[in-house]
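Coordinate inspection notes
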Amino acid sequence: MICIPVTAKTQERILAEMAEAAEAADVIELRLDFAARFDLKTLLEKRPRPVIVTNRPVREGGNYRGSEEDRLAVLRQAVELGAEYVDVELDSAGRVPPGGRTRRIVSTHDFKEVPADLRRVHAELVKSGADIAKFACMANHIADNLRVFEVLRDTKHATIALCMGEAGLISRILGRKYGNFLTFASLGKGKESAPGQISAADLRALYRYKRIGAATEVYGVIANPVAHSMSPAVLNAAFDAARRDAVYLPLKVEGDVVQFVNAFKALDIQGYSVTLPHKQGVLAAMDELDPLAERIGAVNTVANRGGKLFGTNTDVTGAMKALEEAIGGETPSPLKGKRVLLLGAGGAARALAYGLIDRGATLAIANRTYERAEKLATEVSATAHRLEDVAAVEADILLNTTSVGMHPNVDASPVPAAALRRGMVVFDAIYNPPATKLLREAEAAGCEAVSGIAWFVNQAALQFELWTGLPAPRDVMERVLRERLGA
Ligand code: NAP
């Protein structure tokens, strides 16, 4: 079930927000500790969905500052009036006795951490006579979610268990797979009642929460930061279009990625996308590596093959496919014999450099930090140049892998317009915005401009195909990416 908390201050606003919440919620939580004035009897008479009545004191992370007697009187009144649920804090459970058909949620909150003795905390909640045990605790690291899932998995008692904060986001989605009684979702941005709450709209449409069950396959993108990643939108849409029982999560991994991958084996994750800054570090966690990923020293895709992790790199094939399609297709590759000027010497440049050399292109590499250009050039037998000298380099194809021109610095280009010659193919790795200043200037100069969108969709589509064995719904994936980018 999805529960939307209503945190309005006045009776009129509470009624209005209840009506709004009713569209996406199975249950509405009346957070009366946020309200300055209310008439509970009328609120319950007009409730459009079953409700949880909550009046959370400051000591448990709520807003209620009045007397304890008055606070509990509201909860007792909710029981008398027949609210479906009432939320009573563990330390007050004895003072709001069960009554009628109201089910008591007995709750405890920890805004600092996931307690070391979580199982004992859960046992205490159950022992208190809770119809539904509830704990919410702050995750400081993504691995904290695992302990919450363990409790959920092992209990037969109705339980609401979740981690708060950005690191706890996955508990709000994946808890359902392990039997969470309900999850909380906000009405929208700014209306969260606890840190890290996802909007009900995202929970339903993006993560397809209602379809998650015990058999749902789990995938995700390992990154840090991860909030800006387009992969959850694109890959969840792909799974949806293919009617696959799967969910794809943003996984913010701080610190050691090998430790993360090993710890998350407990969840039997079926596949990962891997991006900055973990593409190199994750290699050490693989049981098997594709030779290209091994040679480049970077993995962007992990597939779980019966418990063994296989690491590969779809960045290379994805980018080469985008380029080859733009140039038009001789075999074995239209890139053979082409003079390519590659801007940048970071992770993306490395993947492209190997792909291009393997296809017989002649490569010149230019980078702001010349030494990095020199190092990569030596590795792949290319020439190295300074970024300020690129106008003098003769090339059929110019590839930008620097982050210059990326959102929000959309008025910057890595090269002067004079470096762009009619007939050149100009490929920008950047996909946000889809049309960078470099690409706009390239079109104006009579070049063929290729957006990083094609690369992004290709690498994600190849991941989807590797994981599922199904053809990727590329059109859907590109449409969702463009929608998310506002393009
Ligand atoms: P990275 O490893 O951090 O490399 C960044 C590169 O940008 C380095 O060469 C760096 O030069 C250069 N750079 C940064 N700021 C600069 C500036 N102000 N002036 C000149 N050069 C500058 O990052 P990455 O993984 O290679 O990614 C680079 C870009 O490619 C990003 O925009 C990323 O979104 C994009 N990308 C797109 C796709 C796709 O699917 N379309 C896939 C991968 C990457 P120094 O060496 O001097 O620092």
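None of these values were measured; they are calculated from a predicted model. (Residues numbered from 1 in each chain as written. Predicted model: local features only at pLDDT ≥ 70, side-chain atom pairs only at ≥ 80, totals over all residues. Heavy atoms only, no water.)

So, the sheet that holds strand S1 (residues 2-6)
Just so we agree on the cut-off: In this analysis, strands are considered paired if DSSP registers two or more bridges between them. Numbering of helices and strands runs from the N terminus, with a helix taken as a DSSP run of H or I at least four residues long and a strand as a DSSP run of E at least two residues long. Here, residues are in contact when the closest pair of their heavy atoms is within 4.5 Å. Only C-alpha atoms enter the line fits that serve as axes; for helices the fit covers just the stretch in contact. Angles between N-to-C directions range over 0 to 180 degrees.
With respect to topology, 9 strands assemble into an open sheet ordered S7-S6-S5-S4-S3-S2-S1-S8-S9, the strand pairing being parallel. Each edge of the open sheet is held by one strand with a lone partner, namely strand S7 (159-164) and strand S9 (198-199). Direction of pairing for S1 relative to strand S8 (residues 183-186): parallel, over a ladder of 2 bridges. By the bridge assignment, isoleucine 2 is partnered in S8 with threonine 183. Strand contacts of helix H4 (residues 118-127): strand S5 (103-110), strand S6 (132-138) and S7, with the helix running at about 145 degrees to S6, the strand carrying the most contacts. Sitting on the sheet, helix H5 (residues 144-154) is in contact with S6 and S7, with an inclination near 180 degrees to S7.

Brief notes about the sheet that holds strand S17 (residues 362-367)
Pairing within the open sheet is parallel, and its 6 strands lie in the order S18-S17-S16-S19-S20-S21. Of all the strands in the sheet, just strand S18 (383-386) and strand S21 (448-450) have a single pairing partner and so form its edges. Pairs of neighbouring strands in the sheet enclose a mean axial angle of 20 degrees, with direction left out of account. Judged from the 5 bridges that link them, strand S16 (residues 339-343) and S17 form a sheet pairing that is parallel.

Side note on unusual backbone geometry
Stated precisely, the cut-off is as follows: Type-normalised accessible area, obtained with a 1.4 Å probe on protein chains alone, sets the label of each residue: buried when under 20%, exposed when over 50%, and partly exposed for intermediate values.
Note the cis peptide between asparagine 224 and proline 225, where omega equals 5 degrees. Its location among the elements puts proline 225 in the loop between strand S10 (217-223) and helix H8 (231-241). Leucine 276 connects to proline 277 through a cis peptide bond whose omega is 0 degrees. As for its position among the elements, proline 277 is in the loop between strand S12 (271-274) and strand S13 (288-289). One non-glycine residue, arginine 243, lies in the positive phi region at around 55 degrees. Relative to the helices and strands, arginine 243 resides in the loop between H8 and strand S11 (246-252). What makes arginine 243 exposed here is its relative accessible area of 77%.

Looking at the packing of aromatic side chains
Just so we agree on the cut-off: Each Phe, Tyr or Trp ring (for Trp, its six-membered ring) is paired with any other whose centre lies within 6.5 Å, and the angle between the two planes then decides the class: stacked below 30 degrees, edge-to-face above 60, tilted in between. When the NZ atom of lysine or the CZ atom of arginine is within 6 Å of a ring's centre and also within 35 degrees of its normal, the charge is said to sit over that ring.
All told, the structure shown has 10 aromatic pairs when counted by the stated rule. An angle of 45 degrees between the planes, with centres 5.4 Å apart, marks the rings of phenylalanine 239 and phenylalanine 464 as tilted. Here phenylalanine 239 is found in helix H8, whereas its partner phenylalanine 464 is found in helix H15 (residues 452-468), with 225 residues between them in sequence. The structure contains a cluster of three or more aromatic residues connected by ring pairs, namely Tyr219, Phe239, Tyr248, Phe464 and Trp467. Between arginine 176 and the ring centre of tyrosine 209, over which it is positioned, the NZ or CZ distance is 5.2 Å.

Thoughts on H8
Buried residues dominate H8, accounting for 9 of its 11 residues. Considered for burial, the residues of H8 that qualify are Ser231, Pro232, Ala233, Val234, Leu235, Asn236, Ala237, Ala238 and Phe239. Elements in contact with the buried residues of H8: helix H7 (200-206), S10, S11, S12, H15 and helix H16 (474-484). Directly beyond the C-terminal end of H8, a positive phi value near 55 degrees is found at arginine 243.

Section: the site of the ligand
Here is the rule: Definition of nearness: a residue and a molecule or strand are near each other if at least one heavy atom of the residue lies within 4 Å of the molecule or strand. Nitrogen and oxygen atoms within 3.5 Å of one another constitute a polar contact, given that in protein one can donate a hydrogen and the other can accept it, and given that sequence-neighbouring residues count only through two side-chain atoms. Polar here means any residue outside two lists: the nonpolar Ala, Val, Leu, Ile, Met, Phe, Trp, Tyr, Cys and Pro, and the charged Asp, Glu, Lys and Arg; Gly therefore counts as polar.
Every one of the 21 residues lining the ligand counts as a neighbour, but Ala348, Asn367, Thr369, Arg372 and Ala429 are closest to it. Here serine 403 contributes a backbone N or O atom positioned 3.3 Å from an oxygen atom of the ligand. The biggest single contributor to the shell around the ligand is H15, with 3 residues. Per-class residue counts for the shell around the ligand are 10 nonpolar, 9 polar and 2 charged.

Concerning the domain arrangement of the protein chain
Selection rule: Residue ranges assigned to each domain were obtained from an automatic or database domain assignment.
As assigned here, the protein chain comprises domain 1 (2-213), domain 2 (223-312 + 469-485) and domain 3 (329-451). On a C-alpha basis, the centroid separation for the pair domain 1 and domain 3 is 52 Å.

Some thoughts on the packing of H8 against H16
Note the cut-off: Crossings are assigned a handedness: left-handed for a near helix turned anticlockwise from the far helix by less than a right angle, right-handed for a clockwise turn.
Remark: H8 packs on H16, axes separated minimally by 9 Å, with the N-to-C direction vectors making an angle of 145 degrees. When the axes of H8 and H16 are compared, the crossing they make is right-handed. Contacts between H8 and H16 involve Ala233, Val234, Leu235, Ala237, Ala238 and Ala241 from the first element and Val476, Met477, Val480, Leu481 and Arg484 from the second.

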